[in-house]
Amino acid sequence: MGCLGKKVLCFLLGFVSIYVHGTPLQEMGSAGQRKPFFERLRRLEEQFRRLQEVTLTHLQDIAKNYNVSYHVDARFQSLAEEMQAMAMAVNQSQALVQGDMAHLKSWMRKTQRRSRKVDARVQALGDALSEKSRQWGQERKEQRAQKEAAASLAPDVQALQDSLARLAQQVQSQGARLAALEGQLQTANPDSATPELPPAQLVQPGSTSLQLQRDSQALRPSPQLGSSSQDFTAHLHGTWKVQAPGSHQAAPAWTHQGSGKICSLGPVLVFPNASTENAILLSPGFLTALRALSICSWVRTTSGYLGTLLSYATQDNDNKLVLHGRDSMLPGSIHFVIGDPAFRELSLQQLLDGQWHHICIIWTAIEGRYWLHVDRRLVATGSRFREGYEIPPGGSLVLGQEQDTVGGGFDSSEAFVGSISGLAIWNRTLVSGEVANLATGRELPTGAILTLANAVTVGRFIQRPACTCLEQCPAT
């Protein structure tokens, strides 16, 4: 029993101890089983909070993006409007730039043409100066030869004068002897009259001496000219020039002597300013080729320079015939151009006084001779200017403007400002008498091929005052 009781007691004690110890173990096991669940739940809660935070952040971002998108749409709309306005401005700017480029290209072409003209004129001027220098050298050589000839003639002239002086002494002695003989005859026959001798008998050797004495007085140098051989040669040269047959003697200049002196010349056309629209087109132009030309007109300028009086242009050359003063290197002169670049510079300084003046410019292809008459006076002449040249027909003839193209290409700086009357053009050379008749208003030479009556287009600012005499016409 004891052993059995001990066994039972040990079993109970073991069971109790097992129970006692098993309960905490069960509690610890259940607690160990609950702990992962709470951990997972906690993690889920943390994940849920993070999800909420992330979701809230995304929602905030979405809200912000919505606001930004709304503003971006408005911004895009404003940008689109700005782009459209900018495109229109760019188009306008392109149009303006294209217009400016077109004007610039036109100006550049015009400048290049003018530069070529200026270069050609400078070249022609250089050639003319070279020719003039050569002529001056030739003239100096001729003058030296004349001086040498005069110096060589001076001893002969002196010898001739001595001979004439001796002959004069002989004439005086012969006269004294004749007087003595007449006295003797009167003493011998006091009642008889002096016999009348025929002219043949009166012409003694002394008469020859008298003739030589008159010739010596005619050839003897004048005291005003001096006694040097050079002055004497110059005097002989000037006398020969005046008395040479066929030489031109300029008539005295016509002067204004009151109103009403020059009348009935046709219309008076006034160019009041330098507008490019102030041009007159004459039609028809030259119907045939010209180998001779005379241009005459009454002109009054009201500016300090000479503009373009006349311009004739063809398709191959816009300066076939030009009377142009603006590009002249000398104030108060014009370029007389025939077949650009050939020209001659003519002085018209008288035209800058604001008064009426009559000018005639004459040219012929024969030896290239040309003449300039101002108020009946021949003020310039020359030769070898476009010798053998023909001015072709079919071009455009304009008054008051210089053409850069046929019938156009005008420039206000080249315009004529003033008045024109009685303009006429002939296809021949006028003689000095015809020029004088024109300058005094007596008559118009026959055969004029163009006058102001041929004007078909007149600029809108050009005026036509109602006056029949030049002195009565207003300046503007």
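Residues numbered from 1 in each chain as written. Predicted model: local features only at pLDDT ≥ 70, side-chain atom pairs only at ≥ 80, totals over all residues. Heavy atoms only, no water.

- As annotated in an unreviewed UniProt entry, the chain carries the name Pentraxin 4 and comes from Jaculus jaculus.

1. Topic: the nonpolar core
- Ranked by size, the top nonpolar core spans 41 residues in total, and within it Phe286, Leu321, Phe336, Trp363, Ile391 and Ile425 carry the most contacts.
- Sequence-distant contacts of Ile391, that is, excluding residues within four places in its chain, are made with Phe286, Thr288, Ala289, Leu290, Leu293, Tyr312, Ile338 and Trp363.
- Formed by eight residues, the second largest nonpolar core is a distinct cluster that contains Cys296, Ile362, Trp426 and Leu430. (Core = buried A, V, L, I, M, F, W, Y, C linked by side-chain atoms within 4.5 Å. Buried < 20%, exposed > 50% of the residue type's maximum accessible area, 1.4 Å probe, protein only. Contact = heavy atoms within 4.5 Å.)

2. A word on the sheet that holds strand β4 (residues 308–313)
- Pairing is antiparallel in the open sheet, where seven strands are placed in the order β7-β6-β5-β4-β11-β2-β14. Each having just a single partner strand, β7 (343–347) and β14 (455–458) make up the two edges of the open sheet. For this sheet the average axis-to-axis angle between neighbouring strands, irrespective of direction, equals 20°.
- When β4 meets strand β5 (residues 321–324), the two strands line up antiparallel, connected through four bridges. Bridge pairing in β5 links Tyr312 to Leu321. (Pairing = 2+ DSSP bridges. Helix = DSSP H or I, 4+ residues; strand = E, 2+ residues; numbered from the N terminus. Axes fitted to C-alpha atoms, helices over the stretch in contact; angles between N-to-C directions.)

3. Remarks on a nonpolar patch on the surface
- Taken together, Val97, Met101, Leu104, Trp107 and Met108 make up a surface patch of nonpolar side chains, about 480 Å² in accessible area.
- Relative to the assigned elements, Met108 resides in helix α1 (residues 2–188). (Patch = residues over 30% accessible without salt bridge, like charges linked within 9 Å, V, L, I, M, F, W, Y side chains within 5 Å. Areas by Shrake-Rupley, 256 points an atom, 1.4 Å probe, with all protein chains shown as cover. Salt bridge = Lys/Arg side-chain N within 4 Å of Asp/Glu carboxyl O.)

4. Observations regarding the pairing of strand β10 (residues 377–382)
- Here strand β9 (residues 370–374) pairs with β10 via five bridges, running antiparallel. Across the sheet, the residue bridging to Val374 is Arg377, located in β10.
- Counting the residues in the hairpin turn of β9 and β10 gives two residues, including Asp375, whose phi is positive at 50°.

5. Comments concerning the pattern of salt bridges
- Inspection of the entire model under this criterion finds twelve salt bridges.
- The residue Arg428 makes a salt bridge to Glu434 at a minimum N-O spacing of 3.0 Å.
- A residue is classified by how much of its surface remains accessible, and Arg428, at 26% relative accessible area, is partly exposed.
- Taking the relative accessible area as the measure of exposure, Glu434 reaches 19% and is therefore buried.
- A network of salt bridges, in which partner residues are shared, links Lys110, Arg114, Asp404, Asp411 and Glu414.

6. Details of the pairing of strand β1 (residues 268–271)
- Judged by which residues are buried, β1 turns out to be covered on both faces: Val268 and Val270 on one side and Leu269 and Phe271 on the other are all buried.
- Pairing geometry for β1 and strand β12 (residues 418–426), over four bridges, is antiparallel. What sits directly across from Phe271, in β12, is Gly418.

7. Details of a positive patch on the surface
- On the surface, a cluster of positive charge is made up of Arg140, Lys141, Arg144 and Lys147.
- Residue position: Lys147 is located in helix α1. (Lys, Arg positive; Asp, Glu negative; His and termini not counted. Charge placed at Lys NZ, Arg CZ, Asp CG, Glu CD.)

8. Observations regarding the environment of Phe416
- Secondary-structure assignment places Phe416 in the loop between β11 (396–399) and β12.
- Taking the C-alpha atoms as reference, Phe416 lies 6.9 Å from Phe271; in sequence the two are 145 residues apart.
- In this structure, Phe416 is in contact with Phe271, Asn273, Val299, Arg300, Thr301, Gly307, Thr308, Leu309 and Gly400, ignoring residues within four places of it in sequence.

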